[in-house]
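Coordinate analysis (summary)
So you can see what is in the structure, the chains are spelled out below.
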Amino acid sequence: MSCGGKAAALRLFDAHCHLQDRRISAVAPQLICTAIDSGVLRFAVNGVSENDWHIVKQMGEQYPSVIPCFGLHPWYVEDRSPEWLASLKELLAITPSAAVGEIGLDKGSHGKNIDFSEQGEVFRQQLELARELERPVSIHCVRAFGELLEIMQLSGPFPAGVILHSFMGSAEMVSEFTKLGSYFSFSGFFTSMKKEKAKKVLKSVPIERILFESDAPDALPQSNIDSSLLLMVDNPMVLGHQSREGLTKEELNHPANIRTVLNYVAALLEVSEEELAEASYQNAVRLFSYPGSKLLCM
């Protein structure tokens, strides 16, 4: 894709996003171009259910900058078909450029309504598949880090790498996850964490394990960030949500906002944006350079 903008000063890698999401898929070409012009050069696009895996595969074929990832998200485990695992294995077999994700565990406001033992079984099966195929895996975890660590310790380590996406866990657990092959990916959600806790978490993560992501169309950086610096998705077709005042337009995150998260994290770590951007970019390139990866062909 030719986007025509000037080369950005910094190189960034969106380690986890959902450009196939129906709220933004219609404007994905424009989002990719704008993000590339801002320095976000690659996008790991994560499928979440059997219903969107084919869209992610198509995006991976259409855009050189898109790394496809296929997985069954914990929110959708109850909707899976009897053939879901066989379908996932086949899709990964015919798509050597693909990683695994998004998979995980969730005890949050949404996940608490989904049988946790069922979540755990689906998660284990996919985690073992990623290890068997020697591909990185992107993990969603909400209020279940103890259980996540236990399962990973039983199944791991993971030489191909694990992405703890939109990481909001504790500093105390970082070293144990690191031993198992984990990388820690920070999104706009991280800007909502109390600064002292956020700084403690960041100080515990080795710089060679830091990643950045947009999680677009979600994870818009919070109000403590200067909103004038943020890019919103400009699409009249995006879905709105009902409020007391009537139908309002949903504020959707743009992959280019990774730059805002980078700025926030660099300030907390007291390092330059340039140093952190390049380190995180190289970390992502290393992680996504498995046999069959697009990155080995470029």
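None of these values were measured; they are calculated from a predicted model.

Right, let's talk about the overall build of the protein chain for a bit. The number of helices and strands found in the protein chain is 9 helices and 10 strands. When each of the 298 residues of the protein chain is scored for burial, the buried share is 55%. Nonlocal contacts in the protein chain, meaning residues at least 24 apart in sequence, comprise 75% of its contacts between residues at least 6 apart. Surface accessibility of the protein chain: about 13,400 Å² in total, with carbon and sulfur atoms responsible for 51%.

A few words on the confidence of the model for the protein chain. Across the protein chain, pLDDT averages 91, with 89% of residues at or above 70. Of the regions scoring below 50 in pLDDT, residues 236-248 engages in 19 contacts with residues more than four places distant in sequence or in other chains.

With that settled, consider the pattern of salt bridges. Going through the model one piece at a time under the given rule, you end up with 9 salt bridges. For D21, the salt bridge goes to R23, with nearest N and O atoms at 3.0 Å. Both residues of the pair, D21 and R23, belong to the buried class. With a closest N to O distance of 3.2 Å, D218 and R23 form a salt bridge. On the criterion of sequence distance, the pair formed by D218 in the loop between β8 (210-212) and β9 (240-243) and R23 in the loop between β1 (12-17) and α1 (28-38) is long-range, its members being 195 residues apart. Each of D21, R23 and D218 takes part in a single network of salt bridges with overlapping partners.

Nonpolar side chains in soluble globular proteins tend to end up buried together. Within the largest apolar cluster, 76 residues are counted, with the highest numbers of intra-cluster contacts made by I139, L148 and F186. Ranked by residue count, the leading element in this core is helix α8 (residues 258-269), at 8 residues. Residues in contact with I139, not counting those within four places in the same chain, are I103, G104, F123, L127, L148, M152, V162, I163, L164 and H165.

Along the chain, G101 connects to E102 via a cis peptide bond; the corresponding omega equals 15°. Among the structural elements, E102 can be located in strand β4 (residues 99-106). Note the cis peptide between A216 and P217, where omega equals 15°. Even without a glycine there, the phi angle at A219 is positive, about 65°. Relative to the helices and strands, A219 is located in the loop between β8 and β9.

Another aspect to go through is the pairing of strand β2 (residues 40-46). One face of the sheet, then the other: side chains in a regular strand alternate in exactly this way. Where burial is concerned, most of β2 is hidden: 6 out of the 7 residues are buried. With 4 bridges joining them, β1 and β2 adopt parallel strand pairing. Within β2, the position partnered with C17 by the bridge is V45. Tracing the backbone out of β1, into α1 and back to the parallel element β2 gives a crossover that is right-handed. Examined bridge by bridge, β2 and strand β3 (residues 66-70) share 4 bridges and lie parallel to one another. Residue pairing for β3: F43 is matched across the bridge by V66. The parallel pair β2 and β3, bridged by helix α2 (residues 53-62), forms a crossover whose chirality is right-handed.

So, how was this worked out
- Residues numbered from 1 in each chain as written.
- Predicted model: local features only at pLDDT ≥ 70, side-chain atom pairs only at ≥ 80, totals over all residues.
- Heavy atoms only, no water.
- Helix = DSSP H or I, 4+ residues; strand = E, 2+ residues; numbered from the N terminus.
- Buried < 20%, exposed > 50% of the residue type's maximum accessible area, 1.4 Å probe, protein only.
- Contact = heavy atoms within 4.5 Å.
- Areas by Shrake-Rupley, 256 points an atom, 1.4 Å probe, with all protein chains shown as cover.
- pLDDT = per-residue confidence, 0-100.
- Salt bridge = Lys/Arg side-chain N within 4 Å of Asp/Glu carboxyl O.
- Core = buried A, V, L, I, M, F, W, Y, C linked by side-chain atoms within 4.5 Å.
- Pairing = 2+ DSSP bridges.
- Right-handed = clockwise from strand over helix to strand, strands pointing away.

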